[in-house]
Amino acid sequence: MRPSVTRLGDMPGRKVYNLWWGDKSGVKQKGVVTYTVSPFKQNPIKHMFRNYLFNGFRRISSQVPYWIVPVAIGYGTYTWAKSYDAWQNSKAGHIALHGTDGHH
C-alpha cells in the first residue's frame, strides 16, 4: 500500500463546487446570504429588570398552585408538632399522659 501524498489529502471523489468544512480557499460560493445584527442593536441587558418584573411575576405566579399546597401542608404539620411538643412538656401534658401517680 502506498502512502497518500499530502497535496492529494482531500476527500475522495470528484471535485465539486462545495468546499470541505472550514476551507476558505477557493471560489466564493453563490447563493450564500449572511445576516448580521449591528453591535449597536445588540443590548442583552436592556430592560432586563423591567421585563423581569412583569414576565417573572407572571411565570412565578403560574407555578403557585404547584408549590403552595405542599408549603401549606408542611407549615401546618410544623405548627401542630410545635404546639403538641409544648403541650407534652407542660404540666398538663405530663398529668394527661402519665396520670397523677407521679411515675413515668
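It should be emphasised that the depicted structure is a prediction, and the values quoted were computed from it without experimental measurement.

Caption draft 1: Fine view of the overall build of the chain. Summing up its helical and strand segments, the chain has three helices and zero strands in all. For the chain, the succession of helices and strands along the chain, N to C, is α-α-α. Counting across all 104 residues of the chain, residues that qualify as buried make up 2%.

Caption draft 2: Molecular detail of the confidence of the model for the chain. Across the chain, the average pLDDT comes to 79, with 68% of residues at or above 70. Per-residue pLDDT, averaged within each element of the chain, yields its smallest value for helix α1 (residues 48–62) (87) and its largest for helix α2 (residues 64–88) (95).

Caption draft 3: Quick peek at a nonpolar patch on the surface. Together, Trp67, Ile68, Val69, Val71 and Ile73 give the surface a local cluster of nonpolar side chains, amounting to about 460 Å² of exposed area. Classification of Val69 as partly exposed rests on a relative accessible area of 47%.

Parameters and conventions
Residues numbered from 1 in each chain as written. Predicted model: local features only at pLDDT ≥ 70, side-chain atom pairs only at ≥ 80, totals over all residues. Heavy atoms only, no water. Helix = DSSP H or I, 4+ residues; strand = E, 2+ residues; numbered from the N terminus. Buried < 20%, exposed > 50% of the residue type's maximum accessible area, 1.4 Å probe, protein only. pLDDT = per-residue confidence, 0-100. Patch = residues over 30% accessible without salt bridge, like charges linked within 9 Å, V, L, I, M, F, W, Y side chains within 5 Å. Areas by Shrake-Rupley, 256 points an atom, 1.4 Å probe, with all protein chains shown as cover. Salt bridge = Lys/Arg side-chain N within 4 Å of Asp/Glu carboxyl O.

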